[in-house]
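Topology and contacts: notes
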Amino acid sequence: MKNEKKLNNKGFSLVELIIVIAIMAVLIAVLAPQYMRYVERGRAASDRDNVQAVVSALQVHAVDTEATNAIAAGTITLQRGSTVAFSTLDASYSEALTNAGIPDPLPALTNQSTFNPVTITITTAGGNVQVTAVETATP
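Residues take numbers from 1 onward in each chain, read along the sequence in its written order. For this predicted model, a pLDDT threshold of at least 70 governs which residues receive local features, and a threshold of 80 or more governs which side-chain atom pairs are given and counted, while totals over whole chains, interfaces and linings are taken from all residues. As a rule here, side-chain values come from all non-hydrogen atoms in the structure, and water together with hydrogens is ignored.

This paragraph deals with the sheet that holds strand 3 (residues 128–135). In this description, strands pair whenever DSSP reports at least two bridges between them. Each helix is a run of DSSP H or I of at least 4 residues and each strand a run of E of at least 2, with the numbering of both proceeding from the N terminus. Strands sit in the order 1-2-3 across an open sheet of 3 strands; the sheet is antiparallel. Of all the strands in the sheet, just strand 1 (74–78) and strand 3 have a single pairing partner and so form its edges. Sheet twist, expressed as the mean angle between neighbouring strand axes with direction ignored, is 15°. Only the contacting stretch of a helix is used when fitting its axis, a line to C-alpha atoms as for every element, and angles between N-to-C directions run 0 to 180 degrees.

Every helix has an expected span of 1.5 Å times one less than the residues it contains. Here helix 1 (residues 14–63) contains 50 residues, and its C-alpha end-to-end distance of 72 Å stays within 8% of the 74 Å for a straight helix at 1.5 Å per residue. The bend reported for a residue corresponds to the angle between axes fitted to the seven residues ending at that residue and the seven starting there. Residue L31 marks the point of greatest curvature in helix 1, where the axis turns by about 30°; the proline P33 follows within four residues. Any pair of residues with heavy atoms lying within 4.5 Å of one another is described as a contacting pair. Looking at the buried side of helix 1, the elements it contacts are strand 1, helix 2 (91–99), strand 2 (118–125) and strand 3.

What follows covers the side chain of S92. Its place among the elements puts S92 in helix 2. Among the polar contacts made by the side chain of S92, one reaches the side chain of D90 at a distance of 2.4 Å. Pairs of N or O atoms are called polar contacts if they sit within 3.5 Å, as long as, within protein, a hydrogen donor faces a hydrogen acceptor (for residues adjacent in sequence, only side-chain-to-side-chain pairs).

Two elements in contact, helix 1 and helix 2, have axes whose closest approach is 8 Å; the angle formed by their N-to-C orientations is 105°. Overall, the two elements helix 1 and helix 2 adopt an arrangement that is roughly perpendicular. Facing helix 1, whose interface residues are V54, A57, L58 and H61, helix 2 presents S92, Y93, E95, A96 and L97. Grouping the constituent residues of the contact of helix 1 with helix 2 by class yields 6 nonpolar, 2 polar and 1 charged. Oblique is the label for any angle not under 35 degrees, not over 145, and not in the 65 to 115 range, which are roughly parallel, roughly antiparallel and roughly perpendicular in turn. Polar here means any residue outside two lists: the nonpolar Ala, Val, Leu, Ile, Met, Phe, Trp, Tyr, Cys and Pro, and the charged Asp, Glu, Lys and Arg; Gly therefore counts as polar.

Think of it in three bands: with a 1.4 Å probe and only protein chains considered, a residue is buried below 20% of the maximum accessible area for its type, exposed above 50%, and partly exposed in between. Taken together, the buried positions of helix 2 are occupied by S92, Y93, S94, A96 and L97. Residues of helix 2 that are buried sit in contact with helix 1, strand 1 and strand 2. Looking one or two residues past helix 2, G101 carries a phi angle of roughly 80°, positive in sign.

Next comes the structure, spelled out in structure tokens:
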């Protein structure tokens, strides 16, 4: 007769499972903050791109020979969590943004690391139009 060996295949022991769970917890603790920073950088870049698109649309509209005198001085304030409908803006701004293909309403700022609104200022002086965007500090 052959000497038969009994196999003991019962699975993982409790100690092995606890070790695997502990390793996963350490990895999550190390990687989660990095992932959150990555997401925030993406949101900040998206906010910058959206603001730059609005500024560019207004500048192009102002430079257009037909619209040089049509754009009015004023401000647009973009805040975190709230959109700006075109109907609340000056008609010349709405026309510029619509022609540039920017969706109505203007997107809200999404970056969680800052609560400061961005103010886009349009100034007209001597036939020149200047469009600037500045993050306004809140008290």
